[in-house]
Amino acid sequence: MPGEMDKPLISRHLVDSDGSLTEALSQGPKVGILGSGDFARSLATRLVGSGFGVVVGSRNPKRTAGLFPAAAQVTFQAEAVSSPEVIFVAVFREHYTSLCGLSDQLAGKILVDVSNPTEQQHLQHRQSNAEYLASLFPACTVVKAFNVISAWTLQAGPRDGNRQVPICSDQLEAKRSVSEMVRAMGFTPVDMGSLASAREVEAMPLRLLPGWKVPTLLALGLFICFYAYNFTRDVLQPYVQEGRNKFYKLPVSVVNTTLPCVAYVLLSLVYLPGVLAAALQLHRGTKYQRFPDWLDHWLQHRKQIGLLSFFCASLHALYSFCLPLLRSTRYDVVNLAIKQVLANKSHLWVEEEVWRMEIYLSLGVLALGTLSLLAVTSLPSIANSLNWREFSFFQSTLGFVALVLSTLHTLTYGWTRAFEESRYKFYLPPTFTLTLLVPCVVILAKGLFLLPCFRRRLAKIRRGWEKDGTVKFMLPVDHVLAEKTSHV
Ligand SMILES: Cc1cc2nc3c(=O)[nH]c(=O)nc-3n(C[C@H](O)[C@H](O)[C@H](O)COP(=O)(O)OP(=O)(O)OC[C@H]3O[C@@H](n4cnc5c(N)ncnc54)[C@H](O)[C@@H]3O)c2cc1C
Ligand SMILES: NC(=O)C1=CN([C@@H]2O[C@H](COP(=O)(O)OP(=O)(O)OC[C@H]3O[C@@H](n4cnc5c(N)ncnc54)[C@H](OP(=O)(O)O)[C@@H]3O)[C@@H](O)[C@H]2O)C=CC1
Ligand code: HEM
Ligand SMILES: [Cu+2]
Ligand SMILES: [Fe+3]
């Protein structure tokens, strides 16, 4: 649509000194909106605020006019669609057919489909809402846009909501015009290709934190298992075997021996797939073979698993700082002091215990500090400012350091407890011993891969070297060429 659409959609001149927007708007090309609901109102507000001329088409303009900004014109649908080239269809899919009476006036115009299907509709319809609209108005060009932006973000502006607006259409020109509008409204257009991808764009708002489901279920599962184990050892066993009531431990103490174990196991599960991947590449002698699906999926969920580990470790640190505040801790301290006095002992000081505590707490703090660096670098705005070597340094190298520090923290906390019979309750070993297996495998394997023979081979493989040397690619056999070159 040359001419009208060539002009920038938004007239760049500033509004008049008296701030009256209406004159400014009359010059810029008008934008039409069909529908007068929540989305239409927010869209009109944003468009007016971005300097566009807006005309709203409603079945009942009298009733709805008062809801729109003064600068927007609210009239009947037929009148609203006569002049604008771009018209937003802010009605639900089930009401598209009610617009068919406007087909003649709409012919040749750009219709922007902003609709979202419900989960159930999305599964029920094979055709996306946008493609359905295009089938009802074959003389129009349909562009899918703005469906992932809520009416609130549209109204408030992109500062506190999602800024990206996925756009798709079969007509490049139409996509360009709408992209310009998107930018003028302060959002960022993301080209999603042809209208065939409208279904994928309509699925976006239906997803809830993709990629977090499996890691969250894993963390929850680990928490339940470790909590049950600690409850059995720390509460049930004293109750059953010694008649001592330790149920008061449930809210804090048992949680603070469960959370660290979850954090620590999750952290090791972040680095285990990398080790398995490296072992596979060494074994196959190439990087040009896909990892098995389960490993691929695991590698793609490391960020979520890592952040959940950091979350649990942070809660564990907070709980640990609260331990001295517990009433039970105070009673224990006073009772211990009385016992000391009654036993006529003055000086309670176990050098080894003092050192043990000093060391494992300090290691815990260092481990958490290192993990927070990883958490910070996984924020998109920070990650985008790092090159892949810097990102890998933080995520891979520092991540491994955090794993080693957490292991030392756990070992020094455990100290010799794993070898003291009294620590076994119902014959169950101290909880920290269960957490050590996976991290130690990862640390040993990573240590192994640092040996020059493995490190050099891995580096070669990652630069494209292959074990059996020949890189298999076949040139088309050309007999004449073969003839000519055979006696070279
Ligand atoms: C708090 C926290 C936040 C995290 N945030 C993120 C995040 O934002 N994004 C993220 O991805 N992870 C994140 N992680 C997970 C983890 O830190 C990273 O995935 C890290 O890169 C894993 O490093 P690695 O050494 O295990 O494996 P990698 O260095 O990723 O390598 C894994 C395997 O892939 C193969 N490989 C690696 N490089 C190459 C190459 N150049 N060519 C061919 N094959 C190669 C090798 O087999 C290697 O062993 C986070 C973890 C934590 C604890
Ligand atoms: N609300 C939001 O945050 C978002 C909404 N959207 C999409 O925007 C579109 C509109 O949503 P929303 O504004 O919330 O919905 P509303 O119900 O608030 O408004 C829909 C409008 O459609 C018109 N309409 C209602 N019933 C009929 C009918 N039977 N026949 C013809 N037209 C009818 C009405 O306008 P009138 O009476 O003036 O003709 C009504 O104002 C939907 O497709 C939605 O998926 C997309 C992203 C976010
Ligand atoms: C500021 C940081 C930290 C502090 C102050 C801290 C403190 C503590 C304390 C006080 C205990 C003993 C808990 C109890 O018996 O009640 C403990 C145990 C433990 N901590 Fe930490 N810790 C920190 C960070 C971490 C991190 C980052 C990890 C691993 C990701 C971790 C993993 C563990 C484990 C596995 C145990 C043993 C739990 C058990 O088996 O009972 N800690 N820590
Ligand atoms: Cu649908
Ligand atoms: Fe997944």
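Under the annotation held in an unreviewed UniProt entry, the chain carries the name Metalloreductase STEAP3 and is attributed to Tupaia chinensis. Taken from UniProt, the Sequence similarities (unreviewed entry) comment for the chain reads in full: "Belongs to the STEAP family." Annotation of the chain in UniProt includes, under Subcellular location (unreviewed entry), the sentence "Endosome membrane".

Before going further, it helps to spend a moment on a nonpolar patch on the surface. Together, Tyr-239, Val-240 and Phe-247 give the surface a local cluster of nonpolar side chains, amounting to about 280 Å² of exposed area. As for its position among the elements, Val-240 is in helix α11 (residues 213-242). Its relative accessible area of 54% is what places Val-240 among the exposed residues.

Further remarks concern the coordination of the iron ion (ligand 5). Protein coordination at the iron ion (ligand 5) comes from His-297 (NE2) and His-301 (NE2), with a distance range of 2.5 to 2.7 Å. Exposure remark for His-297: the relative accessible area of 43% places this residue in the partly exposed category.

Moving on: the domain arrangement of the chain. Per the domain assignment, the segments of the chain are domain 1 (30-203) and domain 2 (212-463). On a C-alpha basis, the centres of domain 1 and domain 2 stand 50 Å from each other.

This paragraph deals with the coordination of the iron atom of ligand 3. Distances from the iron atom of ligand 3 to its protein donors, His-316 (NE2) and His-409 (NE2), fall within 2.0 Å. Considering all 6 donor atoms around the iron atom of ligand 3, the spread of angles at the metal, 87 to 180°, places the coordination shape in the octahedral class. Here His-316 is found in helix α14 (residues 302-322), whereas its partner His-409 is found in helix α18 (residues 388-414), with 93 residues between them in sequence.

What follows covers the sheet that holds strand β3 (residues 73-76). With mixed pairing, 8 strands are arranged side by side in an open sheet as β3-β2-β1-β4-β5-β6-β7-β8. Looking at the sheet topology across the chains shown, the edges are occupied by β3 and β8 (188-191). On average, adjacent strands in this sheet sit at an angle of 30° to one another, irrespective of strand direction. Sheet topology note: the strand β2 (residues 53-58)/β3 ladder contains 4 bridges and is parallel. When the sheet's bridge partners are listed, Val-55 is paired in β3 with Gln-73. Set on the sheet, helix α2 (residues 38-49) makes contact with β1 (30-34), β2 and β4 (86-89); between it and β1 the angle comes to about 170°. Where helix α7 (residues 129-136) meets the sheet, its contacts fall on β4, β5 (110-113) and β6 (141-144), and the angle it forms with β6 comes to roughly 170°.

This brings us to the pattern of salt bridges. In total, this model carries 11 salt bridges according to the counting rule given. Notably, a salt bridge pairs Lys-144 with Glu-202, separated by 2.8 Å at the nearest N-O pair. Here Lys-144 is found in strand β6, whereas its partner Glu-202 is found in helix α10 (residues 198-203), with 58 residues between them in sequence. Taken individually, Lys-144 and Glu-202 each receive the classification buried, so the pair is uniform in this respect. Close ionic contact of Arg-290 with Asp-293 constitutes a salt bridge, the shortest N to O distance being 3.2 Å. Take Asp-293: its relative accessible area is 58%, and that puts it in the exposed class. Salt bridges sharing common partners tie together Asp-113, Lys-144 and Glu-202.

Its 13 residues place the ends of helix α9 (residues 172-184) 18 Å apart at the C-alpha level, agreeing with the 18 Å of an ideal helix rising 1.5 Å per residue. Along α9, the residues classified as buried are Ala-174, Lys-175, Ser-177, Val-178, Ser-179, Met-181 and Val-182.

A separate point is the confidence of the model for the chain. Per-chain confidence: the chain averages 89 in pLDDT, with 90% of residues scoring 70 or above. Low pLDDT (under 50) marks residues 1-26, which in the prediction has 39 contacts with non-local residues, meaning those over four places away or in another chain. Interface confidence for the predicted complex, expressed as ipTM, amounts to 0.81; the pTM equals 0.76.

Summarising burial for β2: 6 of the 6 residues are buried, a large majority. Judged by which residues are buried, β2 turns out to be covered on both faces: Gly-53, Val-55 and Gly-57 on one side and Val-54, Val-56 and Ser-58 on the other are all buried. When β1 meets β2, the two strands line up parallel, connected through 5 bridges. Within the sheet, the bridge partner assigned to Val-31 lies in β2 and is Val-54. Handedness of the β-α-β unit built from β1, α2 and β2 comes out right-handed.

Quick look at the site of ligand 2 now. Not every one of the 21 residues close to ligand 2 is listed here, only the nearest: Ser-36, Phe-39, Ser-58, Asn-116 and Ala-151. Within the backbone of Asp-38, a nitrogen or oxygen atom sits 3.1 Å from an oxygen atom of ligand 2. Notes on ligand 2: free accessible area 880 Å², of which the protein chains cover 80%. Looking at the shell around ligand 2 residue by residue, the classes come out as 7 nonpolar, 11 polar and 3 charged.

Time to look at the layout of surface pockets. Reported here for the second largest pocket is a volume of approximately 1500 Å³. Counting only elements with at least two residues in the lining of the second largest pocket, the list comes to α12 (255-284), α14, α16 (351-377), α18, α20 (437-449) and α21 (452-462). If you tally residues by element for the lining of the second largest pocket, the top one is α18, at 9 residues. Its residues assigned to classes, the lining of the second largest pocket comprises 22 nonpolar, 8 polar and 7 charged.

All right, on to unusual backbone geometry then. Here the phi dihedral of Phe-146 falls at roughly 70°; this positive angle occurs in a residue that is not glycine. As for its placement among the helices and strands, Phe-146 is situated in the loop between β6 and α8 (151-156). One non-glycine residue, Tyr-427, lies in positive phi territory at about 65°. Position of Tyr-427 relative to the elements: it lies in the loop between α18 and α19 (431-435). By relative accessible area, which is 80% here, Tyr-427 ends up exposed.

Each value, and the rule that gives it
- Residues numbered from 1 in each chain as written.
- Chains lettered and ligands numbered in written order.
- Predicted model: local features only at pLDDT ≥ 70, side-chain atom pairs only at ≥ 80, totals over all residues.
- Heavy atoms only, no water.
- UniProt positions renumbered as here; feature names shortened; annotations may be inferred.
- Patch = residues over 30% accessible without salt bridge, like charges linked within 9 Å, V, L, I, M, F, W, Y side chains within 5 Å.
- Areas by Shrake-Rupley, 256 points an atom, 1.4 Å probe, with all protein chains shown as cover.
- Salt bridge = Lys/Arg side-chain N within 4 Å of Asp/Glu carboxyl O.
- Helix = DSSP H or I, 4+ residues; strand = E, 2+ residues; numbered from the N terminus.
- Buried < 20%, exposed > 50% of the residue type's maximum accessible area, 1.4 Å probe, protein only.
- Donors = N, O, S within 2.8 Å, 3.2 Å for Na, K, Ca; no water.
- Domains from an automatic or database assignment.
- Tetrahedral: all angles 85-135°; square planar, octahedral: opposite > 155°, others 65-115°.
- Pairing = 2+ DSSP bridges.
- Axes fitted to C-alpha atoms, helices over the stretch in contact; angles between N-to-C directions.
- Contact = heavy atoms within 4.5 Å.
- Expected span 1.5 Å × (residues − 1).
- pLDDT = per-residue confidence, 0-100.
- Right-handed = clockwise from strand over helix to strand, strands pointing away.
- Near = heavy atom within 4 Å.
- Polar contact = N/O pair within 3.5 Å; in protein donor to acceptor, adjacent residues only side chain to side chain.
- Nonpolar A, V, L, I, M, F, W, Y, C, P; charged D, E, K, R; others polar.
- 1 Å grid on protein atoms, 1.4 Å probe; cavity = no way out; pocket = protein on both sides within 12 Å on 5 of 7 lines; lining within 4 Å.
- Points joined across faces, edges and corners; volume = space filled by probe spheres on them.

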